[in-house]
Amino acid sequence: MASSKSLMNLLTFTFGSAIGFFVCYLLFSIVLEEQVKIQPHVLHNDPHAQHSADTDNNQLQGQMNFNADAGQHKDEDKNIAEGLYHKVKILCWVMTGPQNLEKKARHVKATWAQRCNKVLFMSSEENKDFPTVGLETKEGRDQLYWKTIKAFQYVHDHYFDDADWFMKADDDTYVILDNLRWLLSKYSPEQPIYFGRRFKPYVKQGYMSGGAGYVLSKEALKRFVAAFKTNKCTHSSSIEDLALGKCMEILNVEAGDSRDTSGRETFHPFVPEHHLIRGYLPKTFWYWNYNYYPAVEGPGCCSDLAVSFHYVDSVTMYHLEYLIYHLRPYGYLYRYNPDLSKNTEEQSKNEALEDNQKIKQKISES
Amino acid sequence: MLVTLLGHIKVGHGTKAHHHEHHHIQAPNKEDVLNLSEGERVELSKSIRVYCIILVKPKDLGHWAAARETWSKHCDKAEFYSSENVKVFDSVAVNANDLWVMMRKAYKITYERYKDEFSWFFLAYPTTFAIIENLKYFLLKKDPSQPFYIGHTVKSGDLEYVDGEGGIVLSIESLRRLSSVLADPDKCPEQGGVIWKLAEDKQLAICLKYTGVFAENAEDSEGKDVFNTKSVGALIKEAMSTHPQQVVDGCCSDMAITFSGLAPNHMHVMMYGVYRLRPYGHSYSDALVFLPPPGSDND
């Protein structure tokens, strides 16, 4: 009897410990799972870093349409924006691939792409449903420049007369077309010029960051496409934006200054948070040495009339769409007035010039 | 027209025992206020004065700093009521750790000091971001001498209360009634709830209910909530994941007043996104005019 009692005790003990272990295991796995989820933010350590296979396992399904309720925009006056839409025609082409159509390109299509005068999604393969243009290349990091060349060629061959400016963006770039039109309205599409976030290394006049997007004038596109027929520029390079920048310099296409009238950058290689928060990008980060103009962190980083942001994930696409085109502070008088500051700047410039001339005249008369 | 409008705001309606039946409350009609001159609009904008209370604890220092540097600058006056004195920032120390006790003291002090200076009182937690201009627009035609208690409401059994996460708005009349019932230990004790403590936002609702003040959920003209207890990102994800096969409507109101659950960095992003970043060539003819706060670089 004693042995069966002790057996019972042993069984109870074992059973109890088993429950204990199980409960602890559950608790620990929950706690540890939480910690694993809080991954350290991956800073893109290479300026020419390509977008590696997404760690985003939770793909954002569906779409959100903020424009569905027109009711909230009854008092909105879009006349100036609409005028610019017709005056400054922009063809956007978005660099994407078969794996990213559902993950990324779809959300671009649901948000900012609708504001281009014409938008094309460029992939290695044609997809009639999305739709995408098939460039007949392979996918991958080393194919980027080749895809870019073929994409611009396609645009030149099929849509040259349909637009004045030709914008390249990634499927994780968010572009604010209204602000791009405002920037470009001061230039002629017949000028050989292109704009983007200007970087300084390797190319004397600088080159434009690929991810932040860049836009070519009609003349620039013409020269770029012709350059490959005459072998002025080479085809092989794994660094798309740098190769394009070198080619532009060879062709005497000017690297434009895309900063606003207050000197603030408009094309951004990262999301707003990375630029707005002082200290977010460590001082040893490549970015500080690459920027052509002195890089600014904090509120001065970014123009009120920003044109682009990069490394924008799917939720942030909709977040930006909402913040830019919908949420607003009622009755608020914005501090930065682009038209006003431009006028006073020009006025004082003109006045100074006139004074100079008057003085010169007086000197020559005496 | 201006006189009638101002008359509405100051005089109020006749019946003092006016009981608010409706639980959903809306923003004013745009047509009502469109025919004013710029000067009249500035005057009208100045006539609505909002005092902001933000309840903080030392552990909230990051959020506290962000709120100080961002949205709270747009309140006519903002003060931080802290559980204890903190050297780094100015605050009103209430010397209590329990949120309900903190809230009681904050409201009591606020009423005593500011009852003649402000008509509306907005209480927020450190993780909340508020757009005060939209709050003022929302309150434009509401009479503060009526007992208003507005925010994002939740129903818990019989009790409808304003969720603190979304921010709590009280008119001066509600604050006055609250101030007197706070002294009643039967109706409004410091320790509510029999078995466990009730959340402070529920306690507030119970006390206010005794004085005839009832919670109202604030919505825009499309029926969307303007006080939000979550962040924009969270609301987007939620809306899209509940209907993965569809194109869903935009999550949030154009005239949203609050979002919550924000990290300090996100508050800086919201400042840029709300008060600066915009598309060129889109303009509105608004009935009110709000100037940017002086000496500020992020709005």
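Residues numbered from 1 in each chain as written. Chains lettered and ligands numbered in written order. Predicted model: local features only at pLDDT ≥ 70, side-chain atom pairs only at ≥ 80, totals over all residues. Heavy atoms only, no water.

Under an unreviewed UniProt entry, the name given to chain B is C1GALT1-specific chaperone 1, and the source organism is Zosterops borbonicus. Check the Subcellular location (unreviewed entry) section of the UniProt entry for chain B; it says "Membrane". In its Sequence similarities (unreviewed entry) section, the UniProt record describing chain B reads: "Belongs to the glycosyltransferase 31 family. Beta3-Gal-T subfamily." (UniProt positions renumbered as here; feature names shortened; annotations may be inferred.)

Chain A has the name Glycoprotein-N-acetylgalactosamine 3-beta-galactosyltransferase 1 in an unreviewed UniProt entry, where Zosterops borbonicus is given as its organism. Under the Cofactor (unreviewed entry) heading, UniProt states for chain A: "Mn(2+)". Of the comments in the UniProt record for chain A, the one headed Pathway (unreviewed entry) reads "Protein modification; protein glycosylation."

Participant: I'd like to hear about the overall build of chain A, residue by residue, with values.
Facilitator: Of regular secondary structure, chain A possesses 11 helices and 13 strands. When each of the 366 residues of chain A is scored for burial, the buried share is 50%. A fraction of 76% describes how many contacts in chain A between residues 6 or more apart in sequence connect residues 24 or more apart. Entry remark: accessible area of chain A is about 18500 Å², with carbon and sulfur atoms responsible for 54%. (Helix = DSSP H or I, 4+ residues; strand = E, 2+ residues; numbered from the N terminus. Buried < 20%, exposed > 50% of the residue type's maximum accessible area, 1.4 Å probe, protein only. Contact = heavy atoms within 4.5 Å. Areas by Shrake-Rupley, 256 points an atom, 1.4 Å probe, with all protein chains shown as cover.)

Participant: Could you give an account of the UniProt feature "domain: Fringe-like glycosyltransferase" (unreviewed entry) in chain A, with specific residues and numbers?
Facilitator: As annotated in UniProt, the feature "domain: Fringe-like glycosyltransferase" (unreviewed entry) corresponds to residues 92–256 of chain A in the numbering used here. Between the C-alpha atoms that bound residues 92–256 of chain A the distance is 19 Å, and the span itself is 35% helix and 21% strand.

Participant: Any chance you could break down unusual backbone geometry for me, citing the residues and the numbers?
Facilitator: Residue and element names in this part refer to chain A. With an omega dihedral of 0°, the bond running from Phe 130 to Pro 131 counts as a cis peptide bond. Structurally, Pro 131 is set in the loop between strand E4 (118–123) and strand E5 (133–134). Despite not being glycine, Tyr 202 shows a phi value in the positive range, around 75°. Along the chain, Tyr 202 falls in the loop between strand E9 (198–199) and strand E10 (207–208). Classification of Tyr 202 by relative accessible area gives exposed; the value is 58%. Located in the positive-phi region is Asn 252, a residue other than glycine, with phi close to 60°.

Participant: I'd love a proper account of helix H7 (residues 240–250) of chain A, names of residues and values included.
Facilitator: All names here are of chain A. In terms of burial, H7 is largely enclosed, as 8 of its 11 residues are buried. Of the positions making up H7, those classed as buried are Glu 240, Asp 241, Leu 242, Ala 243, Leu 244, Gly 245, Cys 247 and Met 248. Lining the buried residues of H7 we find helix H4 (144–159), strand E6 (165–170), strand E8 (193–195), E10, strand E11 (214–217) and helix H6 (218–229). Note on H7: the residue one or two positions beyond its end, Asn 252, has a positive phi of about 60°.

Participant: Describe the packing of aromatic side chains, and please don't skip the residues or the numbers.
Facilitator: Residues and elements named next belong to chain A. Applying the stated rule across the entire model yields 37 aromatic pairs over all chains. Aromatic rings pair up to connect Phe 199, Tyr 202, Tyr 207, Phe 270, Phe 285, Trp 286, Tyr 287, Trp 288, Tyr 290 and Tyr 311 into one cluster. The residue whose ring lies beneath Lys 186 is Trp 182, and the NZ or CZ to ring-centre distance is 3.9 Å. A cation over a ring is seen here: Arg 259 above Tyr 293, with NZ or CZ 3.6 Å from the ring centre. (Phe/Tyr/Trp six-rings, centres within 6.5 Å; stacked < 30°, edge-to-face > 60°. Lys NZ or Arg CZ within 6 Å of the ring centre and 35° of its normal.)

Participant: Would you mind going over the side chain of B:Arg104 in detail, with residue names and values included?
Facilitator: All names here are of chain B. With respect to the helices and strands, the residue Arg 104 is situated in helix H4 (residues 99–114). The side chain of Arg 104 sits in the buried core without any salt bridge; Glu 190 is the nearest counter-charge, 4.3 Å away. Excluding anything up to four places from it in sequence, Arg 104 contacts Leu 182, Cys 188, Pro 189 and Glu 190. (Lys, Arg positive; Asp, Glu negative; His and termini not counted. Salt bridge = Lys/Arg side-chain N within 4 Å of Asp/Glu carboxyl O.)

Participant: An account of the nonpolar core is needed here, citing residue identities and associated values.
Facilitator: By size, the foremost hydrophobic cluster in this structure holds 65 residues, and its most contacted members are B:Trp71 and B:Phe122. Within the residue set of this core, elements represented by two or more residues are helix H10 (314–325) of chain A together with strand E2 (50–56), helix H3 (61–69), strand E5 (120–124), strand E6 (129–130), helix H5 (132–139), helix H8 (232–242) and helix H9 (264–275) of chain B. Not counting chain neighbours up to four residues away, the residues in contact with B:Trp71 comprise B:Cys52, B:Ile54, B:Phe122, B:Ala124, B:Thr128, B:Phe129, B:Ala130, B:Ile132, B:Met267 and B:Met271. (Core = buried A, V, L, I, M, F, W, Y, C linked by side-chain atoms within 4.5 Å.)

Participant: A description of the state of the cysteines should follow, citing residues and the corresponding values.
Facilitator: All names here are of chain B. Counted according to the given criterion, the structure contains 6 disulfides over all chains. Bridging Cys 52 to Cys 75, the disulfide has an S-S length of 2.0 Å. Measuring the twist about the S-S bond at about -95°, one finds the Cys 52-Cys 75 disulfide to be left-handed. In this pair, Cys 52 is assigned in strand E2 and Cys 75 in the loop between H3 and strand E3 (77–82), connecting sequence segments 23 residues apart. With a relative accessible area of 8%, Cys 75 lands in the buried category. Here Cys 188 engages in a disulfide with Cys 207; their sulfurs sit 2.0 Å apart. Disulfide Cys 188-Cys 207: torsion about the S-S bond near 95°, hence right-handed. (Disulfide = S-S within 2.5 Å.)

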